[in-house]
Amino acid sequence: MSLIDASTVERPPYVEQDRRNVEYTPIYWLSDAEAARHLDATGAEYFTAINPEGLEGVAEFVAKLRPLQESLPRGGRLLSIGVGQGSELLALGELFGDSAEILGADICQTALDRAATNLDRAGVEANLIKASATDLPFKESDGTGVDGVVHSALLHEVYSYIPDGKLAFDQAAMSTARALNEGGVWILRDFATPPEAARMIIFELKTEEAKDFYDYFRSRFRTFPDWDPGHKSQIKEQFDPQIAYPPLDASGRVRLRYLDAAELMLHFRNYVDHTQRGLIARRDAHWKEADERYLIPHPGKDGLTPMPVYDYTTYVAGIANAALEGTDFEIEVLQSETAPRPSTADFHRGHFGIYDEAGERVPGAIESVPKKMELLFRKVRRNVSQMPSD
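**Description of helix α11 (residues 258-276)**
Move 1: Compared with the 27 Å implied by 1.5 Å per residue over 19 residues, the 27 Å span of α11 between its first and last C-alpha is a close match.
Move 2: Counting buried positions over the 19 residues of α11 gives 14, a clear majority of the element.
Move 3: The first or second residue beyond α11 is G278, which carries a positive phi of 75 degrees.

**Quick notes on the packing of aromatic side chains**
Move 1: Under the definition given, this model contains 21 aromatic pairs.
Move 2: Ring geometry for F169 and Y315: centres 6.2 Å apart, planes at 40 degrees, overall tilted. Here F169 is found in helix α7 (residues 165-179), whereas its partner Y315 is found in helix α12 (residues 309-323), with 146 residues between them in sequence.
Move 3: Consider the rings of F213 and W287, whose centres lie 6.5 Å apart with planes at 75 degrees: the pair is edge-to-face. Taken together, the residues F213 in helix α8 (residues 208-220) and W287 in the loop between α11 and α12 connect sequence positions 74 residues apart.
Move 4: The exposure class assigned to F213 is buried, which follows from its relative accessible area of 0%.
Move 5: Here the guanidinium or amino end of K64 rests over the ring plane of F61, the centre of that ring lying 5.0 Å away.
Move 6: The aromatic ring of F347 is capped on one face by R269, whose charged end is 4.3 Å from the ring centroid.

**Brief notes about the packing of α11 against helix α13 (residues 342-351)**
Move 1: Between α11 and α13, the least distance of the axes is 11 Å, while the angle of their chain directions is 100 degrees. The angle between α11 and α13 falls in the class roughly perpendicular. In this structure, α11 uses M265, L266, F268, R269 and V272 to contact α13, whose residues at the interface are T344, F347, H348 and H351.
Move 2: Tallied by class, the residues present in the contact of α11 with α13 amount to 5 nonpolar, 3 polar and 1 charged.

**Concerning the confidence of the model for the protein**
Move 1: Of the residues in the protein, 84% have a pLDDT of 70 or more, and the chain-wide mean is 87.
Move 2: Contacts for the low-pLDDT stretch residues 1-30, under 50 throughout, to residues beyond four places or in other chains number 71 contacts.

**Description of the sheet that holds strand β7 (residues 200-205)**
Move 1: Within the open sheet, the 3 strands sit side by side as β8-β7-β10. Their pairing is antiparallel. Unpaired on one side and paired on the other, β8 (253-257) and β10 (352-355) mark the two borders of the sheet. If you compare each strand with its neighbour and ignore which way they point, the axes differ by 30 degrees on average.
Move 2: The pairing of β7 with β8 spans 5 bridges and is antiparallel. Within β8, the position partnered with I201 by the bridge is L256.
Move 3: Against the sheet, α11 touches β7, β8 and β10, its axis set at about 110 degrees to β8.
Move 4: Against the sheet, α13 touches β7 and β10, its axis set at about 85 degrees to β10.

**Observations concerning the pairing of β7**
Move 1: The element β7 is largely enclosed, with a buried count of 5 among its 6 residues.
Move 2: As paired strands, β7 and β10 are joined by 4 bridges and run antiparallel to one another. Across the sheet, residue F203 finds its bridge partner in β10, namely I354.

**Brief notes about the packing of α8 against α11**
Move 1: One way to put it is that α8 packs onto α11 with a least axis distance of 11 Å and a crossing angle of 110 degrees. Of the possible angle classes, the one that applies to α8 and α11 is roughly perpendicular. α8 and α11 meet at a crossing whose hand is right-handed. Side by side, α8 and α11 meet where E209, A210, F213, Y214, Y216 and F217 of the first sit next to E263, L264, H267, F268, Y271 and V272 of the second.

**Looking at empty space enclosed by the protein**
Move 1: Using the criterion set out here, one finds 1 cavity of 30 Å³ or more in the structure.
Move 2: Its volume calculated, the largest cavity comes out at about 40 Å³.
Move 3: Taken together, H156, D190, F191, T193, Y294, I296, M307, Y312 and M373 make up the lining of the largest cavity.
Move 4: Partitioning the lining of the largest cavity into residue classes produces 6 nonpolar, 2 polar and 1 charged.

**Digging into the pairing of strand β3 (residues 100-106)**
Move 1: In terms of burial, β3 is a largely internal element, 6 of the 7 residues being buried.
Move 2: Pairing between strand β2 (residues 76-81) and β3: 6 bridges, direction parallel. Pairing of L78 across the sheet is with I102, part of β3.
Move 3: In the classification by handedness, the crossover that spans β2, the intervening helix α4 (residues 87-96) and the parallel β3 is right-handed.
Move 4: As judged from the 4 bridges shared by β3 and strand β4 (residues 127-130), these two strands associate in the parallel manner. Looking at β4, one finds that D106 is bridged to K130.

**Re the pattern of salt bridges**
Move 1: Overall, the coordinates contain 23 salt bridges when judged by the stated rule.
Move 2: Residue K64 pairs with E60 through a salt bridge whose shortest N-O separation is 2.7 Å. Of this pair, K64 and E60 both sit in helix α3 (residues 55-71), 4 residues apart, roughly one helical turn.
Move 3: Measuring nitrogen to oxygen at the nearest pair gives 3.9 Å for the salt bridge that ties R253 to E204. Of this pair, R253 sits in strand β8 while E204 sits in strand β7, and the two are 49 residues apart along the sequence.
Move 4: Judged by relative accessible area, R253 falls into the partly exposed class, the value being 27%.

Analysis parameters
Residues numbered from 1 in each chain as written. Predicted model: local features only at pLDDT ≥ 70, side-chain atom pairs only at ≥ 80, totals over all residues. Heavy atoms only, no water. Helix = DSSP H or I, 4+ residues; strand = E, 2+ residues; numbered from the N terminus. Expected span 1.5 Å × (residues − 1). Buried < 20%, exposed > 50% of the residue type's maximum accessible area, 1.4 Å probe, protein only. Phe/Tyr/Trp six-rings, centres within 6.5 Å; stacked < 30°, edge-to-face > 60°. Lys NZ or Arg CZ within 6 Å of the ring centre and 35° of its normal. Axes fitted to C-alpha atoms, helices over the stretch in contact; angles between N-to-C directions. Parallel < 35°, antiparallel > 145°, perpendicular 65-115°, else oblique. Contact = heavy atoms within 4.5 Å. Nonpolar A, V, L, I, M, F, W, Y, C, P; charged D, E, K, R; others polar. pLDDT = per-residue confidence, 0-100. Pairing = 2+ DSSP bridges. Left-handed = near helix turned anticlockwise from the far one by under 90°. 1 Å grid on protein atoms, 1.4 Å probe; cavity = no way out; pocket = protein on both sides within 12 Å on 5 of 7 lines; lining within 4 Å. Points joined across faces, edges and corners; volume = space filled by probe spheres on them. Right-handed = clockwise from strand over helix to strand, strands pointing away. Salt bridge = Lys/Arg side-chain N within 4 Å of Asp/Glu carboxyl O.

Structure (structure tokens):
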């Protein structure tokens, strides 16, 4: 097991620039350091929560990453960004065997240490790199590129923990595009914003447990109580959970955006799981997940504009291609799908109801909330006829 500290590589200082300027290469020294400190401070419980240990957890990731194997039958250099406890790295080892060189990158030392332990225990060879998704130490242009990249529930964390989350999202996508070799494949899995997420709905909380969580969430979501005040004040997202989540009426209902209801429902599922497993206390003021926005807004638009799956896919491909301007390559979309999670939908149905403003139940609204995006991109040589002329 080798551990490379990419932070020791000398780089220019970060200068904030307009995200529409494709020439920039900003470096988030202070932001990455604060995010790493925050993640390290969460302790082992957080990583146990997001990546359960054991064969069952690895088998789940094998199924999720099989599209990468089908798209890269010859293997090659494979990079998983955000290693958790190493479950994805173990899954890559199982899927590709000796045909792959496995790399794992994370800004969190705790994650790297736990992944290293689990990889050693399983006898899987991998190189672990301390590096940020926003500035990967791999580039096709200098011969250090990779053939496959895994983003699994990563980009919503990139958005959530860097003050200019939209710029950070762009930088992570651009850095990945630059890292891929010709023919390289990028698999991206994350929460899927439901259709018509901006519409106003009547949200019903059916159980006392759900009502109690709503009261907790409307005071805790995106408040970063453990962050340094100076760093917290730099967060560009303008959001007040007390406004987004008004008080419930006497019947346990409230009028709000479908997007905000979905965000709460997704957090509630994780909250119940984490409390039942003894990983956090009820109404835990330090629950890390409450600082994360799962359904990130459109980086190319103002405010908290929802970004449904089609918009997400086309935006990621577009910003990745912006990083490749002036090269012989471009990013193409191989797959843009959503995967249902029926057991989570059943759980949500027991606690919540979603109605239109006339009081009629909205068909499919509960089922749409827990879906996950499953996107695939490939780096290909640009069509000569499409290349810009001098």
